[in-house]
Amino acid sequence: MSLEETEINVGGTKFKGAHIAVVLAFISTISGGIWATSEFFSRVGVLEDTVAEMQISMPDLAPLEVELEAIKTKIEDNDLGHLQGKLAELSTLLATIQSRQQEVLDNAAASNAKVVDMEKDWIEIRNEYKKMADAIKGFEDSVARFKKEVDDLWKGLDAASSPLG
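Treat the numbers as computed from the prediction; the structure is a model and nothing was measured. (Residues numbered from 1 in each chain as written. Predicted model: local features only at pLDDT ≥ 70, side-chain atom pairs only at ≥ 80, totals over all residues. Heavy atoms only, no water.)

(A) Expanded view of the overall build of the protein. Assigned secondary structure in the protein consists of 3 helices and 2 strands. From first element to last, N terminus to C terminus, the protein shows the α and β order β-β-α-α-α. Taking 15 Å as the expected radius of gyration for a compact globule of 165 residues, we find that the protein reaches 51 Å, considerably beyond that expectation. Considering only C-alpha atoms, the protein reaches an extent of 140 × 95 × 30 Å along its principal axes. For the protein, the residues scored as buried account for 1% of the 165 residues in total. For the protein, the accessible surface area stands at approximately 15,200 Å², while carbon and sulfur atoms represent 65% of it. On the protein, the mean spot of the 17 positive side-chain charges and the mean spot of the 29 negative ones are 14 Å from each other. (Helix = DSSP H or I, 4+ residues; strand = E, 2+ residues; numbered from the N terminus. Rg over C-alpha atoms; globule rule 2.2 N^0.38 Å. Buried < 20%, exposed > 50% of the residue type's maximum accessible area, 1.4 Å probe, protein only. Areas by Shrake-Rupley, 256 points an atom, 1.4 Å probe, with all protein chains shown as cover. Lys, Arg positive; Asp, Glu negative; His and termini not counted. Charge placed at Lys NZ, Arg CZ, Asp CG, Glu CD.)

Here you go:
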């Protein structure tokens with residue numbers, strides 16, 4: 001029994017299986033939309049209640065505003081000329097610090113260049129040392145072979161000079 005063969009008879013009207021599937025899909029889509037709308041309005045209601053509760057629980061800001069105005073008045077009453085002098089002094093110190101910082105950066109760049117040159121020189125010296133060490137090793141091997149040959153020759157001469165021992 002497939003969907004195409006299924007039929008429902010309602011009030012003398014026959015509904016085929018494909019029609020039933022389309023109607024069920026349409027009904028489920030509409031019911032899902034209704035549920036989503038209901039959920040949305042429920043959440044909006046909860047948010048409205050939360051905002052109302054927060055408005056009730058917020059403290060009065062008027063005393064803070066009065067205190068803020070008092071602080072502003074005190075700042076304006078202070079001697080701004082004195083602060084301008086300090087600001088000029090700080091500006092001069094900042095300019096001096098910037099110039100010294102540039103000198104330090106220039107010296108650091110020169111030092112880095114020297115270090116790079118020294119690294120290159122060190123690599124060259126290390127390579128030369130390796131070549132010399134290999135040459136010395138080869139020379140030591142040659143001397144050892146020569147000594148062995150000389151010792152063998154002496155043993156041969158000793159054996160030739162006294163064949164009986």
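(B) Spotlight on a nonpolar patch on the surface. On the surface, Val23, Phe26, Ile27, Ile30 and Ile34 cluster together into a nonpolar patch covering about 500 Å² of accessible area. Within the secondary structure, isoleucine 30 sits in helix α1 (residues 17-57). Accessibility expressed as a relative area gives 40% for isoleucine 30, which makes it partly exposed. (Patch = residues over 30% accessible without salt bridge, like charges linked within 9 Å, V, L, I, M, F, W, Y side chains within 5 Å. Salt bridge = Lys/Arg side-chain N within 4 Å of Asp/Glu carboxyl O.)

(C) Looking closely at the packing of aromatic side chains. The full count for this structure, using the stated rule, is 1 aromatic pair. Ring geometry for phenylalanine 40 against phenylalanine 41: centres 5.5 Å apart, planes inclined by 70°, an arrangement best described as edge-to-face. Each member of the pair, phenylalanine 40 as well as phenylalanine 41, is classed as exposed. (Phe/Tyr/Trp six-rings, centres within 6.5 Å; stacked < 30°, edge-to-face > 60°.)

(D) Representation of helix α2 (residues 62-77). With 16 residues, α2 extends 23 Å between its outermost C-alpha atoms, agreeing within 8% with the 22 Å of an ideal straight helix rising 1.5 Å per residue. The buried fraction of α2 amounts to 0 of the 16 residues, a small share that puts the element mostly on the outside. (Expected span 1.5 Å × (residues − 1).)

(E) View of the pattern of salt bridges. With the rule as written, the count across this model stands at 6 salt bridges. Linking aspartate 152 and lysine 148 is a salt bridge whose minimum nitrogen-to-oxygen distance equals 3.5 Å. Of this pair, aspartate 152 and lysine 148 both sit in helix α3 (residues 80-161), 4 residues apart, which is roughly one turn of that helix. Exposure remark for lysine 148: the relative accessible area of 53% places this residue in the exposed category.

(F) Quick peek at the pairing of strand β2 (residues 13-16). Two strands pair when backbone bridges link them, and strand β1 (residues 7-10) and β2 are joined in this way by 4 bridges, in the antiparallel orientation. Note on β2: the bridge partner recorded for valine 10 is threonine 13. Here β1 folds back onto β2 in antiparallel fashion, the turn holding 2 residues, of which glycine 11 has a positive phi close to 60°. (Pairing = 2+ DSSP bridges.)

(G) Structural view of a negative patch on the surface. A surface patch of negative charge is lined by Asp117, Asp121, Glu124 and Glu128. As for its position among the elements, aspartate 117 is in helix α3.

(H) Highlighting the environment of glutamate 89. Relative to the helices and strands, glutamate 89 resides in helix α3. For the pair glutamate 89 and aspartate 158, spaced 69 residues apart in the sequence, the C-alpha separation amounts to 100 Å.

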